[in-house]
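What follows is each chain in one-letter form.
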Amino acid sequence: MNNTATAPVVAKSASSRSFEKLVSGLKGRLHGPGGFYNLGNAFGLLTGLLLHAAHMSSGSQRSTESFYVVFDYLAGSVSSLALTLSMIVFFWSGELYYRAWSRGFPPEPGLNRAGDLWSCWGALALGVGLLLLNQPVLALTAGLLHALGKYGSAKSLPAIKGWPETWPDCWRTIVLASRVPALMAVLIEMTLYTMKGDLLTVSGFGPMTLLVCYLLWLKADLLLLSD
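Here is a short report on the structure shown in this document. Residue numbers here run from 1 along each chain, matching the order of that chain's written sequence. Residues qualify for local features only when their pLDDT is at least 70, as the model is predicted, and side-chain atom pairs are given and counted only at 80 or more; totals for whole chains, interfaces and linings, by contrast, use all residues. Water and hydrogen atoms play no part in the side-chain values, which are based on all heavy atoms of the structure.

**Focus on the overall build of the protein**
For clarity, the threshold we go by: Labels follow the DSSP assignment, with helices taken as runs of H or I lasting at least four residues and strands as runs of E lasting at least two, numbered in each case from the N terminus. Burial status follows relative accessibility: with a 1.4 Å probe on protein chains alone, a residue under 20% of its type maximum counts as buried, one over 50% as exposed, and anything between as partly exposed. Contacts were defined at the residue level, with two residues in contact if any of their heavy atoms lie within 4.5 Å. For every accessible area listed, the method is Shrake-Rupley and the probe measures 1.4 Å; residues are considered covered only by the protein chains on display.
Each helix and strand in the protein was counted, giving 8 helices and 0 strands. Sequence-ordered secondary structure for the protein, helices as α and strands as β, is α-α-α-α-α-α-α-α. When the 227 residues of the protein are sorted by exposure, 37% land in the buried category. A separation of at least 24 residues holds for 64% of the contacts in the protein among residues at least 6 apart in sequence. Total accessible area on the protein is roughly 13400 Å²; 69% of this is exposed by carbon and sulfur atoms.

In C-alpha coordinates form, the structure reads like this:
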(Lines give C-alpha, C1' and ligand atoms only; values in the text may rest on other atoms or scores of the structure.)
Protein backbone atom coordinates (compact mmCIF):
# COMPACT_ATOMS: atom_id res chain seq x y z
CA MET A 1 0.00 0.00 0.00
CA ASN A 2 2.74 2.44 0.89
CA ASN A 3 4.52 1.85 -2.42
CA THR A 4 1.26 2.37 -4.32
CA ALA A 5 0.49 5.56 -2.42
CA THR A 6 3.88 7.10 -2.94
CA ALA A 7 4.30 6.15 -6.62
CA PRO A 8 2.32 9.14 -7.97
CA VAL A 9 4.36 11.47 -5.75
CA VAL A 10 7.62 10.03 -7.09
CA ALA A 11 6.37 10.30 -10.68
CA LYS A 12 5.28 13.89 -10.13
CA SER A 13 8.64 14.72 -8.61
CA ALA A 14 10.46 13.25 -11.62
CA SER A 15 8.19 15.16 -13.99
CA SER A 16 8.81 18.34 -12.03
CA ARG A 17 12.57 17.85 -12.21
CA SER A 18 12.36 17.27 -15.97
CA PHE A 19 10.34 20.45 -16.41
CA GLU A 20 12.77 22.44 -14.28
CA LYS A 21 15.66 21.05 -16.31
CA LEU A 22 13.90 22.06 -19.54
CA VAL A 23 13.24 25.59 -18.25
CA SER A 24 16.82 25.89 -17.06
CA GLY A 25 18.10 24.74 -20.44
CA LEU A 26 15.92 27.27 -22.26
CA LYS A 27 17.10 30.06 -19.99
CA GLY A 28 20.68 29.02 -20.66
CA ARG A 29 20.05 29.30 -24.41
CA LEU A 30 19.08 32.96 -23.92
CA HIS A 31 22.62 33.78 -22.92
CA GLY A 32 23.92 36.33 -25.40
CA PRO A 33 22.53 37.48 -28.75
CA GLY A 34 22.34 34.00 -30.30
CA GLY A 35 19.59 32.94 -27.93
CA PHE A 36 17.47 36.01 -28.70
CA TYR A 37 18.02 35.65 -32.44
CA ASN A 38 16.93 32.02 -32.42
CA LEU A 39 14.05 32.61 -30.02
CA GLY A 40 12.72 35.14 -32.52
CA ASN A 41 13.41 32.74 -35.40
CA ALA A 42 11.63 29.85 -33.68
CA PHE A 43 8.67 31.98 -32.63
CA GLY A 44 8.30 33.34 -36.15
CA LEU A 45 8.53 29.89 -37.71
CA LEU A 46 5.98 28.24 -35.42
CA THR A 47 3.45 31.05 -35.48
CA GLY A 48 3.92 31.45 -39.22
CA LEU A 49 3.09 27.78 -39.73
CA LEU A 50 0.01 28.04 -37.51
CA LEU A 51 -1.25 31.15 -39.29
CA HIS A 52 -0.59 29.56 -42.68
CA ALA A 53 -2.56 26.47 -41.61
CA ALA A 54 -5.42 28.69 -40.45
CA HIS A 55 -5.52 30.48 -43.81
CA MET A 56 -5.48 27.20 -45.72
CA SER A 57 -8.16 25.53 -43.59
CA SER A 58 -10.88 27.26 -45.60
CA GLY A 59 -9.66 25.51 -48.78
CA SER A 60 -9.89 21.89 -49.85
CA GLN A 61 -9.59 18.99 -47.43
CA ARG A 62 -6.12 18.32 -48.78
CA SER A 63 -4.97 21.75 -47.64
CA THR A 64 -5.67 20.83 -44.01
CA GLU A 65 -3.23 17.91 -44.01
CA SER A 66 -0.20 18.68 -41.86
CA PHE A 67 2.42 17.59 -44.37
CA TYR A 68 0.87 19.62 -47.18
CA VAL A 69 0.58 22.72 -44.99
CA VAL A 70 4.22 22.51 -43.90
CA PHE A 71 5.44 21.81 -47.44
CA ASP A 72 3.42 24.68 -48.90
CA TYR A 73 4.71 27.07 -46.23
CA LEU A 74 8.36 26.08 -46.58
CA ALA A 75 8.64 25.21 -50.26
CA GLY A 76 5.40 26.04 -52.01
CA SER A 77 7.04 28.62 -54.28
CA VAL A 78 10.45 29.95 -55.25
CA SER A 79 10.05 32.83 -52.80
CA SER A 80 9.12 30.38 -50.03
CA LEU A 81 12.26 28.35 -50.77
CA ALA A 82 14.43 31.48 -50.57
CA LEU A 83 12.84 32.49 -47.26
CA THR A 84 13.22 28.96 -45.89
CA LEU A 85 16.89 28.93 -46.88
CA SER A 86 17.41 32.25 -45.14
CA MET A 87 15.69 30.91 -42.02
CA ILE A 88 17.96 27.85 -41.92
CA VAL A 89 21.06 30.02 -42.31
CA PHE A 90 19.84 32.44 -39.63
CA PHE A 91 19.27 29.54 -37.22
CA TRP A 92 22.85 28.40 -37.79
CA SER A 93 24.24 31.91 -37.33
CA GLY A 94 22.26 32.19 -34.10
CA GLU A 95 23.86 28.95 -32.90
CA LEU A 96 27.31 30.34 -33.71
CA TYR A 97 26.55 33.50 -31.74
CA TYR A 98 25.34 31.36 -28.84
CA ARG A 99 28.58 29.38 -28.80
CA ALA A 100 30.62 32.57 -29.05
CA TRP A 101 28.88 34.04 -25.99
CA SER A 102 28.44 30.80 -24.01
CA ARG A 103 31.28 31.71 -21.64
CA GLY A 104 30.13 35.28 -21.16
CA PHE A 105 31.52 38.60 -22.26
CA PRO A 106 33.68 39.20 -24.21
CA PRO A 107 32.56 36.67 -26.82
CA GLU A 108 34.94 34.37 -28.66
CA PRO A 109 35.95 36.57 -31.64
CA GLY A 110 36.24 33.86 -34.29
CA LEU A 111 32.81 32.35 -33.60
CA ASN A 112 31.25 35.79 -33.29
CA ARG A 113 32.57 36.82 -36.70
CA ALA A 114 31.42 33.49 -38.14
CA GLY A 115 27.94 34.28 -36.85
CA ASP A 116 28.15 37.66 -38.58
CA LEU A 117 29.22 36.11 -41.88
CA TRP A 118 26.49 33.48 -41.89
CA SER A 119 23.97 36.20 -41.02
CA CYS A 120 25.20 38.06 -44.08
CA TRP A 121 24.39 35.10 -46.34
CA GLY A 122 21.05 34.63 -44.62
CA ALA A 123 20.16 38.28 -45.21
CA LEU A 124 21.03 37.98 -48.90
CA ALA A 125 18.73 34.95 -49.23
CA LEU A 126 16.05 36.90 -47.37
CA GLY A 127 16.48 39.78 -49.79
CA VAL A 128 15.95 37.46 -52.76
CA GLY A 129 12.77 36.09 -51.17
CA LEU A 130 11.44 39.58 -50.46
CA LEU A 131 12.23 40.70 -54.00
CA LEU A 132 10.30 37.73 -55.38
CA LEU A 133 7.39 38.82 -53.17
CA ASN A 134 7.49 42.28 -54.79
CA GLN A 135 8.89 43.95 -51.68
CA PRO A 136 11.83 45.93 -53.16
CA VAL A 137 12.20 48.35 -50.23
CA LEU A 138 12.41 45.54 -47.68
CA ALA A 139 14.68 43.57 -50.02
CA LEU A 140 17.11 46.50 -50.06
CA THR A 141 16.95 47.18 -46.32
CA ALA A 142 16.17 43.94 -44.44
CA GLY A 143 18.13 42.07 -47.11
CA LEU A 144 20.98 43.99 -48.73
CA LEU A 145 21.59 46.65 -46.07
CA HIS A 146 21.45 44.07 -43.29
CA ALA A 147 23.90 41.87 -45.21
CA LEU A 148 26.26 44.83 -45.65
CA GLY A 149 26.30 45.53 -41.91
CA LYS A 150 26.90 41.89 -41.03
CA TYR A 151 29.65 41.54 -43.65
CA GLY A 152 31.41 44.64 -42.36
CA SER A 153 31.31 43.22 -38.83
CA ALA A 154 32.47 39.78 -39.97
CA LYS A 155 35.48 41.19 -41.80
CA SER A 156 36.19 43.92 -39.20
CA LEU A 157 36.14 46.52 -41.97
CA PRO A 158 37.06 50.12 -41.10
CA ALA A 159 34.18 52.49 -40.55
CA ILE A 160 32.68 54.38 -43.46
CA LYS A 161 34.61 57.57 -44.17
CA GLY A 162 33.24 60.40 -42.07
CA TRP A 163 31.68 58.13 -39.44
CA PRO A 164 32.19 59.94 -36.06
CA GLU A 165 34.45 58.01 -33.69
CA THR A 166 32.12 58.79 -30.78
CA TRP A 167 29.22 56.98 -32.47
CA PRO A 168 28.54 53.26 -31.94
CA ASP A 169 30.22 50.75 -34.24
CA CYS A 170 29.46 51.63 -37.86
CA TRP A 171 28.53 48.16 -39.11
CA ARG A 172 26.50 47.16 -36.06
CA THR A 173 24.57 50.43 -36.39
CA ILE A 174 23.85 49.68 -40.05
CA VAL A 175 22.34 46.35 -38.98
CA LEU A 176 20.11 48.21 -36.53
CA ALA A 177 19.11 50.73 -39.21
CA SER A 178 18.18 47.91 -41.58
CA ARG A 179 15.43 46.85 -39.17
CA VAL A 180 13.66 50.23 -39.19
CA PRO A 181 11.67 50.04 -42.48
CA ALA A 182 10.34 46.56 -41.72
CA LEU A 183 9.49 47.53 -38.14
CA MET A 184 7.68 50.65 -39.35
CA ALA A 185 5.75 48.57 -41.89
CA VAL A 186 4.66 46.19 -39.12
CA LEU A 187 3.53 49.05 -36.86
CA ILE A 188 1.59 50.70 -39.71
CA GLU A 189 -0.10 47.40 -40.56
CA MET A 190 -1.04 46.86 -36.91
CA THR A 191 -2.48 50.38 -36.77
CA LEU A 192 -4.62 49.73 -39.85
CA TYR A 193 -5.92 46.46 -38.41
CA THR A 194 -6.69 48.22 -35.12
CA MET A 195 -8.63 50.96 -36.89
CA LYS A 196 -10.72 48.31 -38.66
CA GLY A 197 -11.18 46.32 -35.44
CA ASP A 198 -9.43 43.30 -36.97
CA LEU A 199 -6.23 43.21 -34.92
CA LEU A 200 -7.31 40.12 -32.97
CA THR A 201 -8.23 38.14 -36.08
CA VAL A 202 -6.09 35.53 -37.84
CA SER A 203 -4.82 38.18 -40.28
CA GLY A 204 -4.10 40.62 -37.48
CA PHE A 205 -1.94 38.13 -35.61
CA GLY A 206 0.55 38.18 -38.50
CA PRO A 207 1.98 41.65 -37.83
CA MET A 208 1.70 41.10 -34.06
CA THR A 209 3.90 38.03 -34.42
CA LEU A 210 6.41 39.96 -36.51
CA LEU A 211 6.54 42.71 -33.90
CA VAL A 212 7.53 40.19 -31.21
CA CYS A 213 10.18 38.73 -33.54
CA TYR A 214 11.65 42.14 -34.34
CA LEU A 215 11.83 43.10 -30.66
CA LEU A 216 13.76 39.89 -29.92
CA TRP A 217 16.09 40.46 -32.88
CA LEU A 218 16.64 44.08 -31.86
CA LYS A 219 17.59 42.90 -28.38
CA ALA A 220 20.24 40.65 -29.97
CA ASP A 221 21.45 43.49 -32.21
CA LEU A 222 21.90 45.75 -29.19
CA LEU A 223 23.86 43.07 -27.33
CA LEU A 224 26.23 42.81 -30.30
CA LEU A 225 26.84 46.57 -30.13
CA SER A 226 28.81 45.92 -26.94
CA ASP A 227 31.22 43.42 -28.44
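Having seen the model, we can carry on.
**Some remarks on the pattern of salt bridges**
Basically, it comes down to this: The term salt bridge refers to a pairing of a side-chain nitrogen on Lys or Arg with a carboxyl oxygen on Asp or Glu at a separation within 4 Å.
The final tally for this structure, using the stated rule, is 3 salt bridges. Across the pair arginine 99 and glutamate 95 runs a salt bridge, and its minimum N-O distance is 2.9 Å. Here arginine 99 pairs with glutamate 95, and both are found in helix H4 (residues 78-101), just 4 residues apart, close to one helical turn. In this structure arginine 99 comes out as partly exposed when scored by relative accessible area, which is 41%.

**A word on the nonpolar core**
What counts is decided by this rule: The set of buried Ala, Val, Leu, Ile, Met, Phe, Trp, Tyr and Cys residues whose side-chain atoms join them within 4.5 Å is what this entry labels a nonpolar core.
Formed by 29 residues in total, the largest nonpolar core has its most connected members in Tyr37, Leu130 and Tyr214. Not counting residues within four places of it along the chain, the set of residues in contact with leucine 130 comprises Leu83, Gln135, Leu138, Ala139 and Ala142.

**Section: the packing of helix H7 (residues 170-196) against helix H8 (residues 202-224)**
For the record, the criterion: Every axis in this analysis is a line fitted to C-alpha atoms, fitted for helices over the stretch in contact. Angles between the N-to-C directions lie between 0 and 180 degrees. In this scheme, roughly parallel covers angles under 35 degrees and roughly antiparallel covers those over 145, while 65 to 115 is roughly perpendicular and the rest are oblique. Crossing handedness is defined as follows: a turn of the near helix away from the far one that is anticlockwise and smaller than a right angle gives a left-handed crossing, while the clockwise case is right-handed. Amino acids are sorted into nonpolar (Ala, Val, Leu, Ile, Met, Phe, Trp, Tyr, Cys and Pro), charged (Asp, Glu, Lys and Arg) and polar (every other residue, Gly among them).
Close contact between H7 and H8 brings their axes to 9 Å; oriented N to C, the two are set at 160°. By the criterion of interaxial angle, the relationship of H7 to H8 is roughly antiparallel. The two elements H7 and H8 cross, and the hand of that crossing is left-handed. For the pair formed by H7 and H8, the contact residues are Arg172, Val175, Leu176, Arg179, Ala182, Leu183, Val186, Leu187, Glu189, Met190 and Tyr193 on the first element and Ser203, Gly204, Pro207, Met208, Leu210, Leu211, Tyr214, Trp217, Leu218, Asp221, Leu222 and Leu224 on the second. Residue composition of the contact of H7 with H8, by class: 17 nonpolar, 2 polar and 4 charged.

**A word on helix H5 (residues 109-132)**
So the rule is basically this: Between the first and last residue of a helix there are one fewer steps than residues, each counted as 1.5 Å, and that sum is the expected span. Counted as a polar contact is a pair of N or O atoms within 3.5 Å, where, for protein atoms, one must be capable of donating a hydrogen and the other of accepting one, and residues adjacent in sequence contribute only when both atoms are in side chains.
For H5, which comprises 24 residues, the first-to-last C-alpha distance of 35 Å matches the rise-based estimate of 34 Å (1.5 Å per residue) to within 8%. Along H5, the positions that sit buried rather than exposed are Asn112, Gly115, Asp116, Ser119, Cys120, Gly122, Ala123, Ala125, Leu126, Gly127, Gly129 and Leu130. In the core, the buried residues of H5 are packed alongside H4, helix H6 (136-154), H7 and H8. Between the side-chain oxygen at the start of H5 and the backbone nitrogen of glycine 110 there is a gap of 3.2 Å, and the oxygen is on glutamate 108. Backbone geometry just after H5 places asparagine 134 at a positive phi near 60°.

**Quick notes on unusual backbone geometry**
Residue proline 106 follows phenylalanine 105 across a cis peptide bond; omega there is 0°. Following the sequence through the fold, proline 106 ends up in the loop between H4 and H5. Residues other than glycine seldom take positive phi values, yet asparagine 134 does so here, at roughly 60°. Within the secondary structure, asparagine 134 sits in the loop between H5 and H6. At serine 156, a residue that is not glycine, the phi angle is positive and equals roughly 50°. For serine 156, the location among the structural elements is in the loop between H6 and H7.

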